[in-house]
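# Remarks on the overall topology
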Amino acid sequence: NSPETTLFKKGKLLYGLFESKKSIAERKSAIIVEGYTDVIGLYQFGVGNSLATLGTATTQNHINKVFRISDQIIFCFDGDDAGKKAAEKAMKLCLPLVRKNKEAYFLILEDEDPDEFIRQHGHEQFEARLATAQSTDEFLIDICNKTSDITSVKGKANAIENALAMVNTIQDGIYKDLMIAKVASEYGSTSEKLEKEMKKLKDGTRNDAQRKKAAYLKNRPTLIGQAIRILLHKPELGKIIDLNNQFKYLDQGCTPKQKTGVSTLREIIKLIHTRDSIKPATIIEHF
């Protein structure tokens, strides 16, 4: 729970990574748990490839760091609401990063955390539970099924839409195609139909981005407008401007509206130069 520093970046560091590297490399698998006490408990019972985040949620930096030394990540979280939400968030972060040789699995321990489980049931039972972890596609569909009433047509449609929205974040390629096929099979549709829906989602996302960009460009203040704003916040900056030199040709090629802005800017700078010290209120009062 320490605050972050230049060296201590919670979104990039994982507890136990240095100590676990050898075991992770040997097993080609890393277990990510929620707390450092889980790492300590698992290590005491012979599980040496576990890691934990440091008082923060899992990030893409964490996942990329583990995938550099391991082909597989198993997220092993508590069965409470916080653990389930953490697992869902981790799964969504993994989707753009998983590929044919890098995979993520998810294990929710319903009534215990990993430390409690291994102390009560032992190493072998814990390893047996790890073997039952859901693959990314299974976990994704499980989440969609639990958040929608798939016994109804509308609920099934919602589940498909939620699944496609997540699958849409996967990089194009065989893995994504197989995920679409898995969703289609689960909900009684076809890959062709879902691919058309995916294209609509992509086009919609692209159009939204283009609309936002166009609105930003339309409403963005001109450079002259931005300069006036800066001087209203920090009038002292006007002291370093030489109107007869730096801004001599500023209004050339301007529209009548732009020339008004240039005239206002010049007037503000002239006003600033007439005072030893000046406040924003003085400029506002002048106009």
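All figures in this text were calculated on a predicted structure; none of them were measured in a lab.

The subject of this paragraph is the overall build of the chain. If you tally the helices and strands in the chain, you get 12 helices and 5 strands. For the chain, the C-alpha radius of gyration of 29 Å lies well beyond 19 Å, the compact-globule estimate for 287 residues. Taken over the C-alpha atoms alone, the chain extends approximately 85 × 50 × 30 Å along its principal axes. The buried share among the 287 residues of the chain stands at 38%. In the chain, once contacts between residues fewer than 6 apart in sequence are set aside, the share between residues at least 24 apart is 66%. Total accessible area on the chain stands at roughly 17,600 Å², and carbon and sulfur atoms take up 52% of it.

Spatial strand order, E2-E1-E3-E4-E5: 5 strands in an open sheet with mixed pairing. With partners counted over all chains shown, the strands left at the sheet margins are strand E2 (50–52) and strand E5 (134–135), one partner each. In terms of strand pairing, strand E4 (residues 103–109) meets E5 through 2 bridges, oriented antiparallel. Opposite Tyr105, over in E5, you have Ser135 as the bridge partner. Here helix H5 (residues 114–130) sits on the sheet and contacts strand E1 (29–33), strand E3 (72–78) and E4; the angle it forms with E4, its principal contact strand, is near 135°.

Buried residues dominate E1, accounting for 5 of its 5 residues. Residues of E1 alternate between two faces, with Ser29, Ile31 and Val33 on one and Ala30 and Ile32 on the opposite face, all of them buried. Examined bridge by bridge, E1 and E2 share 3 bridges and lie parallel to one another. Along E2, the bridge assignment pairs Val33 with Ala52. In this fold, E1 hands off to helix H2 (residues 36–44), which returns the chain to E2; that crossover is right-handed.

What follows concerns the packing of helix H4 (residues 81–94) against helix H6 (residues 136–147). At their nearest, the axes of H4 and H6 sit 11 Å apart, and the two run at 125° to each other. Comparing the axis directions of H4 and H6 gives the class oblique. Crossing hand, H4 versus H6: left-handed. Counted together, Ala87, Glu88 and Met91 of H4 and Thr136, Phe139, Leu140 and Ile143 of H6 form the full contact between these two elements. Split into classes, the residues belonging to the contact of H4 with H6 amount to 5 nonpolar, 1 polar and 1 charged.

About the criteria used
Residues numbered from 1 in each chain as written. Predicted model: local features only at pLDDT ≥ 70, side-chain atom pairs only at ≥ 80, totals over all residues. Heavy atoms only, no water. Helix = DSSP H or I, 4+ residues; strand = E, 2+ residues; numbered from the N terminus. Rg over C-alpha atoms; globule rule 2.2 N^0.38 Å. Buried < 20%, exposed > 50% of the residue type's maximum accessible area, 1.4 Å probe, protein only. Contact = heavy atoms within 4.5 Å. Areas by Shrake-Rupley, 256 points an atom, 1.4 Å probe, with all protein chains shown as cover. Pairing = 2+ DSSP bridges. Axes fitted to C-alpha atoms, helices over the stretch in contact; angles between N-to-C directions. Right-handed = clockwise from strand over helix to strand, strands pointing away. Parallel < 35°, antiparallel > 145°, perpendicular 65-115°, else oblique. Left-handed = near helix turned anticlockwise from the far one by under 90°. Nonpolar A, V, L, I, M, F, W, Y, C, P; charged D, E, K, R; others polar.

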